[in-house]
Amino acid sequence: MKKSVFLFMFLTFTIFIYAFSDVITIEKARTFKDLTPVTVEGVVTLEPGPFDINLFFIQDDTAGLNVYSGNMDFSKFDIERNDLIRITGYLWKHKMNLELVLDKDNEKHSIEILEKNYKEIEPINIKTVDINEEKYEGILAHTEGKVIKAMGQEILIDDGTGEGILWIRENTKIDPMNFKEGIDVEVTGVMAQYLTKREIQPRSIEDLKTEDIFPPEIEFYSIDNNILSILFNEEIIDNFKLNKTIRDNKNNIKNYELINNKILKIEYENLPVDSKLMLRFVQDMNENKANILSIDISEKNIKKHNILFDESHSQTAGNSDWTITGGYSDFADLAKKMGLNVKNEKIHIKKDILDLFGIFIIPEPNGPFFADEIEALLEWVKDGGNLFIIADHGGADRNGNGWDAVRVFNEFTENFGFLFEGDDLEEEPLKNVYKHEITENIQNIGVWNGSSINILKKDIEVLISDINKKPYLISTVYGKGKVIAIGDSSPFDDGTGATGNILHDGWSWGDDAILAENILKYFLK
């Protein structure tokens, strides 16, 4: 009996030591069960950063693998594309996608860079139908086909062999609007899986080649005093001439400026809100031409009536779906009923884009803002923009990249005079609702795991606090702009979202929807 126990312990110890010391091929590692510790070597095909700071991809001569950590920032390891590295961690299938997981608290987990710029992995050529094959998961692949259906980030492509999914990761800043049904697309990307869907995911815009056969279109326009700003869906050529290719029916145009080849600003002597603008021969960078584009200028599109929802900072991470087509759809519908023009933004935030809008709403981000985005945001508020910041409780890191909404916002909210505490409030209804136009007719507001707010400046107004008088909803000004901040995303979540997401319907509870309406009315004053 003792010999059997000793033999079992010896074999277990031997397997444990083998798993943490002997390098195996990625192909062999992919055959092991969840929680199996392994050591593999591979060349980096996707460095930390383009998808997120806590994941990257490696590949050897046999297969590829997604490397992930829930508590490590891999961008600090100097890992670059084409580096040869050795990794020790354990295997885990997350949402059906196999990952090699590292835990910073496990001393046996490690990353070692064996050789910088070792070699470049050439993508294997596959058919679009092959995107659906498990054997390709984790590798760098190349395919081409025709866009059959464009559904936001999910794009169906087909080369005649069968449909496959091209998925645009939001952190890559690739604009899904570039993909239209009927165009040809060539893509290089890493192969991955999410639940039942297998996908090819480009790492950056450089991984894509698309056939552009469509002329440019007007995506949005905004009126600010005597300036009409027109946002196009793609970059255009500056071939405009006043009163020839830019004309209105009242001959009232003074000047124009094309900003970053995307926004056409037209200055009027006196901009009438009942006029019509005609643009002729508008060309994109591939010289696709729209012979005539027209705008019936309406008072509805005055800047203060335009509201932008941020969807470019991992608002769909993990189980969340803080988007105007998901959990914040009722919020967006309310804004539309109030006569506001609602738009979402899934690409890099820039000042010239923000300048088209009077209100910017940031629902619980799970990815950080870049330094130039923060600079643009602060400048926009200072110039008169109205900002609504929606956070959540501390530790609500839904994609395991080390950035919860508290940390994301605290990178810049100190400029406004407050920080999120990162604690975990839960109270319904909240005890203290203070008199203010935003809290008019408000009696029942809930917090379902949210953060309180640390007030740093005396001029900040606390509008709602919990039973311990910890601030939960606050108001302040910054330059010419207004800032409202709340410590929980649940009150404005209507419970809808992607299949499989478990969301909380706070919108229908108490006076949460009335609070949202009051905040928008306050911004519109």
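Remember, it's a predicted structure, so these values are computed and weren't measured experimentally. (Residues numbered from 1 in each chain as written. Predicted model: local features only at pLDDT ≥ 70, side-chain atom pairs only at ≥ 80, totals over all residues. Heavy atoms only, no water.)

This paragraph deals with the overall build of the protein. Scanning the protein for helices and strands turns up seven helices and 33 strands. A compact globule built from 525 residues should have a C-alpha radius of gyration of about 24 Å, and the protein, at 26 Å, falls within 12% of that. Principal axes of the C-alpha set define a box for the protein whose edges measure 95 × 60 × 35 Å. Here the protein holds 525 residues, and the buried ones make up 54% of them. Accessible surface, the protein as shown: approximately 23,700 Å² in total, 48% of it carbon and sulfur. In the protein, which carries 57 positive and 91 negative side-chain charges, the distance between the mean positions of the two groups comes to 2 Å. (Helix = DSSP H or I, 4+ residues; strand = E, 2+ residues; numbered from the N terminus. Rg over C-alpha atoms; globule rule 2.2 N^0.38 Å. Buried < 20%, exposed > 50% of the residue type's maximum accessible area, 1.4 Å probe, protein only. Areas by Shrake-Rupley, 256 points an atom, 1.4 Å probe, with all protein chains shown as cover. Lys, Arg positive; Asp, Glu negative; His and termini not counted. Charge placed at Lys NZ, Arg CZ, Asp CG, Glu CD.)

Strand order across the open sheet formed by eight strands is β23-β22-β24-β25-β33-β32-β31-β28, with mixed pairing between neighbours. Each edge of the sheet is formed by a strand with only one pairing partner; in this case those strands are β23 (341–345) and β28 (432–433). Sheet topology places β28 next to strand β31 (residues 461–465); two bridges connect them, and they run antiparallel. Residue pairing in the sheet places Asn432 in a bridge with Ser465 of β31. Running over the sheet, helix α7 (residues 512–524) touches β22 (306–310), β24 (359–363), β25 (386–390), β32 (471–478) and β33 (481–486) and is turned about 165° from β33. (Pairing = 2+ DSSP bridges. Contact = heavy atoms within 4.5 Å. Axes fitted to C-alpha atoms, helices over the stretch in contact; angles between N-to-C directions.)

To continue, consider helix α3 (residues 329–337). Taken as a whole, α3 has its buried residues at Ser329, Phe331, Ala332, Leu334 and Ala335. Of the surrounding elements, those touching the buried residues of α3 are β22, β23, β24, β25 and α7. Immediately downstream of α3, the backbone of Gly339 shows phi near 90°, a positive value.

This brings us to the environment of Glu375. Inspection of the secondary structure assignment puts Glu375 in helix α5 (residues 371–382). Glu375 gets classed as exposed once you look at its relative accessible area, which sits at 53%. Expressed as a C-alpha distance, the spacing of Glu375 and Ile174, which sit 201 residues apart in the sequence, is 21 Å.

There is a patch of nonpolar side chains on the surface, built from Met96, Tyr194 and Leu195 and spanning about 250 Å² of accessible area. When you line up the elements, Met96 lands in the loop between β5 (84–94) and β6 (97–102). (Patch = residues over 30% accessible without salt bridge, like charges linked within 9 Å, V, L, I, M, F, W, Y side chains within 5 Å. Salt bridge = Lys/Arg side-chain N within 4 Å of Asp/Glu carboxyl O.)

Attention shifts here to the pairing of β33. Burial within β33 is extensive, with six of its six residues counted as buried. The two faces of β33 match: Gly481, Val483 and Ala485 on one face and Lys482, Ile484 and Ile486 on the other face are all buried. Relative to β33, β25 runs parallel, the two being bridged by five bridges. Of the residues in β33, the one forming a bridge with Phe388 is Ile484. Count of turn residues in the β32/β33 antiparallel hairpin: two residues, of which Gly479 carries a positive phi of about 65°.

For the pair α3 and α7, interaxial distance at closest approach is 11 Å and the crossing angle is 45°. Between α3 and α7, the interaxial angle falls into the category oblique. Handedness of the α3/α7 crossing: right-handed. Of the residues in α7, those touching α3 at Phe331, Leu334 and Ala335 are Ala513, Ala516, Glu517 and Leu520. For the contact of α3 with α7, a count of residues per class yields six nonpolar, no polar and one charged. (Parallel < 35°, antiparallel > 145°, perpendicular 65-115°, else oblique. Left-handed = near helix turned anticlockwise from the far one by under 90°. Nonpolar A, V, L, I, M, F, W, Y, C, P; charged D, E, K, R; others polar.)

Turning to the pairing of strand β13 (residues 197–201), a few remarks are in order. The buried fraction of β13 is high, at four of five residues. In terms of strand pairing, strand β11 (residues 163–167) meets β13 through two bridges, oriented parallel. Bridged to Leu166 within β13 is Ile200. Bridge analysis of strand β12 (residues 184–194) against β13 gives five bridges, and the strand direction is antiparallel. Residue pairing across strands places Val190 opposite Gln201, the latter belonging to β13. What sits between β12 and β13 in their antiparallel hairpin is a turn of two residues, with Leu195 showing a positive phi close to 55°.

Our focus in this paragraph is unusual backbone geometry. For the bond running from Glu428 to Pro429, omega is -10°, close enough to zero to count as cis. Note on placement: Pro429 falls in the loop between β27 (425–427) and β28. Residues other than glycine seldom take positive phi values, yet Asn82 does so here, at roughly 85°. If you trace the backbone, Asn82 turns up in the loop between β4 (64–69) and β5. Owing to a relative accessible area of 16%, Asn82 belongs among the buried residues under this scheme. In this model, Glu287 sits at a positive phi of 65°, which is unusual for a non-glycine residue.

Turning our attention to the environment of Gly495. Mapping Gly495 onto the fold places it in the loop between β33 and α7. Gly495 sits in the partly exposed class, given a relative accessible area of 33%. Considered as a pair, Gly495 and Gly506 are eleven residues apart in the sequence and their alpha carbons are 7.4 Å apart.

For the rest of this paragraph, the subject is the packing of aromatic side chains. Scanning the model with the defined rule gives 21 aromatic pairs in all. Taken together, a centroid distance of 5.7 Å and an interplanar angle of 35° make the contact between Phe331 and Trp507 tilted. You can see Phe331 sitting in helix α3 and its partner Trp507 sitting in the loop between β33 and α7, a full 176 residues away along the chain. What makes Trp507 buried here is its relative accessible area of 11%. Note on Phe360 and Trp380: the rings are 6.2 Å apart at their centroids and 90° apart in plane angle, and the pair reads as edge-to-face. (Phe/Tyr/Trp six-rings, centres within 6.5 Å; stacked < 30°, edge-to-face > 60°.)

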